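If you want the building blocks of each chain, they are given just below.
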Amino acid sequence: MERADDRDASHPGPARADDPRPGHAHGGPPPNVPTSRGARRLLTALVLLALLASGAGIAATWPGAADLPDASVAYTGARTVRAEVVAVRPRECRGELAEERLPDGTLPEVVPCPEADVRVDGGAVTTVTVPQAVFAGGLRAGDGVVLLEFPAAAGQPGTYVWQDVDRRWPLAVVVGVFVLLTVLVGRRRGAAALLGLGLGGAAVVWYVLPALLAGRDPVVVSLSAATAVMGVVLYAAHGVSTRTTAAYLGTLAGLAVTAGFAVLAVGATGLRGLSDEESYTVSVLTGAVDLRGVVLAGTLVAALGLLNDVTITQASAVWELRAADPRAGFRTLLTAGMRVGRDHLASTVYTVAFAYAGAALPSLLLLRLYAQPAGEVLTSSVIAEELVRTAVGGSALAVTVPVTTALAAAAIGARGGRRREALTPR
């Protein structure tokens with residue numbers, strides 16, 4: 001197959017400002033850089049082997065309907081209904097629930113329990129208790145909400161229970177703006193990236209989650225899904241080329257490191273995936289799910305986007321370096337590419353750390369209110385989980401940068417002049 005970066009070997013340099021052909025200088029495809037036929041065949045063979053292994057893994061772990069645990073006991077007979085807020089008012093109740101306990105272990109005499117009058121489906125008005133956080137956030141008359149309707153049973157009348165705010169339209173607007181800006185700025189590649197994002201979401205919903213619920217091996221499931229999804233996403237967004245193939249293989253190397261390190265780290269730190277209410281609820285409702293596997297799978301999925309960002313940037317950097325210096329060989333490209341990679345690695349590591357810290361901020365706030373010592377805070381399950389993700393992701397990045405750079409340099413550096421490389425300062 002002819003590749004975009006393998007054509008026009010007689011003109012491997014970057015496009016000039018007055019060059020009518022599309023090139024990097026005009027924001028088009030990457031510069032034309034010659035690659036050896038042997039390198040292309042080897043990289044293509046590795047990609048095919050990875051995709052075959054991914055397909056085999058998906059086939060072996062695909063869950064059937066009979067494999068999934070029955071979690072239908074959650075809200076038997078209840079249905080979701082939409083309602084509109086008519087009025088909101090504050091109210092106080094006696095503290096009775098375990099989660100209302102104060103840091104000293106005592107129950108407060110009174111706790112806020114605001115109420116809202118809501119009109120269900122444009123009909124009757126009923127009253128429901130609203131979470132204090134929602135009330136404090138500014139729930140107003142006219143807002144849409146979602147309720148759970150429990151039918152009448154055993155002589156008791158039907159009741160409504162608060163579930164959530166109805167945010168369908170605001171969320172649709174936010175996502176629509178994101179899609180529009182991505183397509184306007186990224187054009188074809190932006191649209192391809194969105195398509196890949198949708199494919200990845202579908203893989204998580206229709207394969208990863210059911211497979212985890214069925215008790216399949218989380219590492220096999222996550223690696224198989226990630227390998228298949230990235231094989232489509234990268235080539236759709238960046239084109240079929242040796243440059244993209246180098247990035248793809250670098251991403252797979254990073255995923256392998258992530259999987260191995262995550263298994264060791266999760267086992268050594270004793271993480272069980274019970275650091276929040278949702279994880280505990282999943283464990284109670286399903287029973288058969290080992291939530292350590294969920295932690296492992298979550299770590300792999302979280303690392304996927306980071307690895308993709310680093311690998312495609314490193315491959316592109318090596319291509320640009322070779323286009324600027326057609327005589328550069330493997331050692332020159334590797335050395336120069338690693339200078340770029342070290343800067344990218346340093347910035348990405350603290351970006352990852354800050355992203356995870358932001359996600360854990362509510363938990364950090366709660367731990368701070370309980371005035372626990374710093375050592376206990378850092379080793380608590382919720383913080384330890386984020387620390388493990390950061391350490392695993394950073395380690396994978398540290399391996400992915402040189403691997404991807406070496407793959408890209410080997411693919412296009414074989415024709416560089418030895419004399420020119422020997423004179424290049426290290």
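In this convention, every chain numbers its residues from 1, walking through the sequence in written order. The model is predicted, so local features are restricted to residues of pLDDT at least 70 and side-chain atom pairs to those at 80 or more, both for listing and for counting; the totals for chains, interfaces and linings are taken over all residues. Note that water and hydrogens are dropped before the side-chain values are worked out from all heavy atoms of the structure.

A. The overall build of the protein chain, seen in detail. Check the secondary structure of the protein chain and you find twelve helices and seven strands. Summarising the internal contacts of the protein chain: among those between residues at least 6 apart in sequence, 70% fall at separations of at least 24. The way it works is that DSSP assigns letters per residue, a run of H or I at least four long becomes a helix, a run of E at least two long becomes a strand, and they are numbered from the N terminus. Residue contacts are counted whenever heavy atoms from the two residues lie within 4.5 Å of one another.

B. Broad picture of the state of the cysteines. Criterion for a disulfide: a pair of cysteine sulfur atoms within 2.5 Å. Enumeration according to the criterion identifies one disulfide in this entry. Paired by a disulfide, Cys93 and Cys113 hold their sulfur atoms 1.7 Å apart. The chirality of the disulfide connecting Cys93 with Cys113 is right-handed, given an S-S dihedral of about 90 degrees. A residue pair is termed long-range when its members are at least 10 positions apart, and Cys93 in strand E2 (residues 92-94) and Cys113 in the loop between strand E3 (110-112) and strand E4 (115-120) qualify at 20 residues.

C. How the structure looks around the environment of Thr404. Summarising the element assignment, Thr404 is placed in helix H11 (residues 381-412). Buried means the residue's accessible area, taken with a 1.4 Å probe over protein chains only, is under 20% of the maximum for its type, while exposed means over 50%, and partly exposed covers the values in between. The class of Thr404 is buried, set by a relative accessible area of 1%. On a C-alpha basis, the gap between Thr404 and Ala315 in space is 6.6 Å, while along the polypeptide they are 89 residues apart. The contacts of Thr404, once residues within four sequence positions are left out, are Ala246, Ala247, Gly250, Thr311, Gln314 and Ala315.

D. Main features of the sheet that holds strand E7 (residues 159-165). Strands are labelled as partners when DSSP assigns at least two bridges between them. If you trace the five strands from one edge of the open sheet to the other, you get E5-E4-E1-E6-E7, paired in antiparallel fashion. Looking along the sheet, the strands with just one partner apiece sit at the ends: strand E5 (125-129) and E7. Adjacent strand axes in the sheet meet at a mean angle of 45 degrees when their direction is disregarded. Relative to strand E6 (residues 144-150), strand E1 (residues 79-89) runs antiparallel, the two sharing six bridges. Paired with Val81 across the strands is Leu147, a residue of E6. Orientation is described by axes fitted as lines to C-alpha atoms, over the contacting stretch for helices, and by angles from 0 to 180 degrees between their N-to-C directions.

E. Focus on the packing of aromatic side chains. Pairing of aromatic rings covers Phe, Tyr and Trp, the last counted by its six-membered ring, and requires centre-to-centre distances within 6.5 Å; plane angles under 30 degrees mean stacked, over 60 mean edge-to-face, and any other angle means tilted. Scanning the entire structure with this criterion turns up two aromatic pairs. For the ring pair Trp62 and Tyr207, a centre distance of 5.5 Å and an interplane angle of 10 degrees mean the geometry is stacked. Linking Trp62 in the loop between helix H1 (37-61) and E1 with Tyr207 in helix H3 (residues 168-213), this pair joins segments that are 145 residues apart in sequence. On the accessibility criterion, Tyr207 (4% relative accessible area) is buried.

F. Spotlight on unusual backbone geometry. The phi dihedral of Arg187 falls on the positive side, at around 55 degrees, and the residue is not glycine. Considering the arrangement of structural elements, one finds Arg187 in helix H3. Classification of Arg187 as exposed rests on a relative accessible area of 63%.

G. Molecular detail of helix H4 (residues 218-238). Expected span, for any helix, means 1.5 Å times one less than how many residues it has. Spanning 21 residues, H4 covers 29 Å between terminal C-alpha atoms, matching the ideal 30 Å at 1.5 Å per step. Where H4 starts, the residue carrying a side-chain oxygen 2.9 Å from the main-chain nitrogen of Val219 turns out to be Asp217. Positive phi shows up at Gly239, right after H4, with a value of about 90 degrees. Any pair of nitrogen or oxygen atoms within 3.5 Å is treated as a polar contact; in protein, a donor-acceptor pairing is required on top of that, and neighbouring residues in sequence qualify only through side-chain atoms on both sides.

H. The packing of H4 against helix H5 (residues 242-269), seen in detail. Contact geometry of H4 with H5 gives a least axis separation of 10 Å together with a crossing angle of 160 degrees. Compared by their axis directions, H4 and H5 come out roughly antiparallel. In this structure, the crossing between H4 and H5 has a hand that is right-handed. Every residue of H5 that contacts H4 at Val219, Leu223, Ala226, Thr227, Met230, Gly231, Leu234, Tyr235 and His238 is listed here: Arg243, Thr244, Thr245, Ala247, Tyr248, Thr251, Leu252, Leu255, Ala259 and Val263. Note on residue categories: nonpolar means Ala, Val, Leu, Ile, Met, Phe, Trp, Tyr, Cys or Pro, charged means Asp, Glu, Lys or Arg, and polar means any other residue, Gly included. The class makeup of the residues in the contact of H4 with H5 is twelve nonpolar, six polar and one charged. Every angle not falling under 35 degrees, over 145, or within 65 to 115 is termed oblique; those three ranges are roughly parallel, roughly antiparallel and roughly perpendicular. What makes a crossing left-handed is the near helix being turned counterclockwise from the far one by less than a right angle; a clockwise turn instead makes it right-handed.

I. Inspection of the pattern of salt bridges at higher detail. Basic side-chain nitrogens of Lys or Arg form a salt bridge, by our definition, when they fall within 4 Å of a carboxyl oxygen of Asp or Glu. Applying the stated criterion across every chain, the model contains seven salt bridges. Among the salt bridges present, the one from Arg89 reaches Asp117, with a minimum N-O distance of 2.8 Å. You can see Arg89 sitting in strand E1 and its partner Asp117 sitting in strand E4, a full 28 residues away along the chain. For Asp117, a relative accessible area of 16% translates into the label buried. Glu115 is the partner of Arg91 in a salt bridge, and the nearest nitrogen-oxygen pair spans 2.9 Å. Placement of Arg91 in the loop between E1 and E2 and of Glu115 in strand E4 is noted, with a sequence separation of 24 residues between them.

J. Region of the structure containing the environment of Val125. Mapped onto the secondary structure, Val125 falls in strand E5. Separated by 39 residues in the primary sequence, Val125 and Val86 place their C-alpha atoms 8.1 Å from one another. Not counting chain neighbours up to four residues away, the residues in contact with Val125 comprise Val86, Asp117, Val118 and Arg119.

K. Local environment of the packing of H3 against H4. Direction vectors running N to C along H3 and H4 enclose 165 degrees, while the axes themselves pass 9 Å from each other. It follows from the interaxial angle that H3 and H4 lie roughly antiparallel. For the crossing formed where H3 meets H4, the hand is right-handed. Contact with H3, carried on its side by Arg188, Arg189, Ala192, Ala193, Gly196, Leu199, Gly200, Ala203, Tyr207, Val208, Ala211 and Leu212, involves Pro218, Val221, Ser224, Ala225, Val229, Val232, Val233, Ala236, Ala237 and His238 of H4 and no other residues of that element. Here the contact of H3 with H4 is composed, by residue class, of 16 nonpolar, four polar and two charged.

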